[in-house]
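The chain contents come next:
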Amino acid sequence: MNNWVGMTEEQAGIVQKARKRVIESIGKNMDLYGVTLSTGHLYGMMFFQDKPMTLDEMGEEMGMSKTSMSTGVRTLTDLKMVHKVWEKGTRKDLYEVEPDWYQTFADFFVIKWQKSIEMNVQALRKSAAELKRLAESDPDNEALQNFVATDTRKLGEAIRYYLWLGRLIDTFESGEIFKLVPKEEPQADSH
């Protein structure tokens, strides 16, 4: 109970209960990021730490194996929600939560949607090219020409959407999004 020096047992209990509620909420919401509940709980626990942690410390705090912690931290690192830090005199890897949740969301959005855009635009363009070749193979077939024209129009609309989404991603990468939708300003402490 070293962390609670200067507090009564009751006060420490209230702090722990409040933190646990937030950690559980974060864990449940992490499925939006494709993250398991336990990895979400790991992120929530790390959020409340005032110093970087080793995998051993995380495992001890969470009551889980170092292997589980390593898998969770790797996932969070890939999503840029946690990063490795260096500390003089420490041989073990240390990790801490990215404190800027706005940037965390922006990074996640970019990582996930760029893959989606590339995959979908490639499929749409390939299908459009196949339909064009089909239409050219039988130019007098009115029914075929109508189907191809309708589908080609729909594919074009989808491609335009993904190009727009790409421009939206650019605003996240450049930080321009925060000019369009400003970050909330921190509240002044009321103490």
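Residues numbered from 1 in each chain as written. Predicted model: local features only at pLDDT ≥ 70, side-chain atom pairs only at ≥ 80, totals over all residues. Heavy atoms only, no water.

J.: What exactly am I supposed to notice about the overall build of the protein here?
T.: Counting secondary structure elements, the protein contains seven helices and two strands. Mapped from its N terminus to its C terminus, the protein presents α and β elements in the order α-α-α-α-β-β-α-α-α. For 191 residues, the compact-globule estimate of 2.2 N^0.38 gives 16 Å, and the C-alpha radius of gyration of the protein, at 25 Å, exceeds that figure by more than 25%. With the C-alpha coordinates of the protein rotated into their principal frame, the extents come out at 85 × 40 × 35 Å. Out of the 191 residues in the protein, the part that is buried amounts to 31%. Counting only contacts in the protein whose residues sit at least 6 apart along the sequence, the fraction spanning at least 24 positions is 54%. Roughly 13500 Å² of accessible area belongs to the protein as shown, and the carbon and sulfur atoms make up 53% of that amount. With 25 positive and 30 negative side-chain charges, the protein shows a spacing of 3 Å between the two charge centroids. (Helix = DSSP H or I, 4+ residues; strand = E, 2+ residues; numbered from the N terminus. Rg over C-alpha atoms; globule rule 2.2 N^0.38 Å. Buried < 20%, exposed > 50% of the residue type's maximum accessible area, 1.4 Å probe, protein only. Contact = heavy atoms within 4.5 Å. Areas by Shrake-Rupley, 256 points an atom, 1.4 Å probe, with all protein chains shown as cover. Lys, Arg positive; Asp, Glu negative; His and termini not counted. Charge placed at Lys NZ, Arg CZ, Asp CG, Glu CD.)

J.: Is there a simple way to explain the nonpolar core in this structure?
T.: It is characteristic of soluble globular proteins that their nonpolar side chains tend to be buried jointly. Residues Met30, Leu42, Tyr43, Met46 and Met58 are the most contacted members of the largest nonpolar core, which totals 22 residues. Contributing elements (two or more residues each) for this core: α1 (9–29), α2 (37–47), α3 (55–62), α4 (66–78) and β2 (94–97). Aside from chain neighbours lying at most four places away, what touches Leu42 is Met58, Met62, Met69, Gly72, Val73 and Leu76. Val121, Ile159, Ile177 and Phe178 belong to the second-largest nonpolar core, a separate cluster that totals 18 residues. (Core = buried A, V, L, I, M, F, W, Y, C linked by side-chain atoms within 4.5 Å.)

J.: Would you take a moment to explain α4 for this structure?
T.: Think of an α-helix as turning once every 3.6 residues; residues three or four places apart then point the same way. Look at α4: 18 Å from first C-alpha to last across 13 residues, which is about the 18 Å you get at 1.5 Å a residue. The complete set of buried residues in α4 reads Met69, Gly72, Val73 and Leu76. In a view along the axis of α4, the buried residues occupy a sector of 100°, so they form one face of it. Counted as exposed and oriented over 90 degrees from the buried face of α4: Thr67 and Asp78. Looking at the buried side of α4, the elements it contacts are α2, α3, β1 (82–85) and β2. One or two residues past the end of α4 sits Lys80, with phi positive at roughly 65°. (Expected span 1.5 Å × (residues − 1). Arc of directions from axis to C-beta.)

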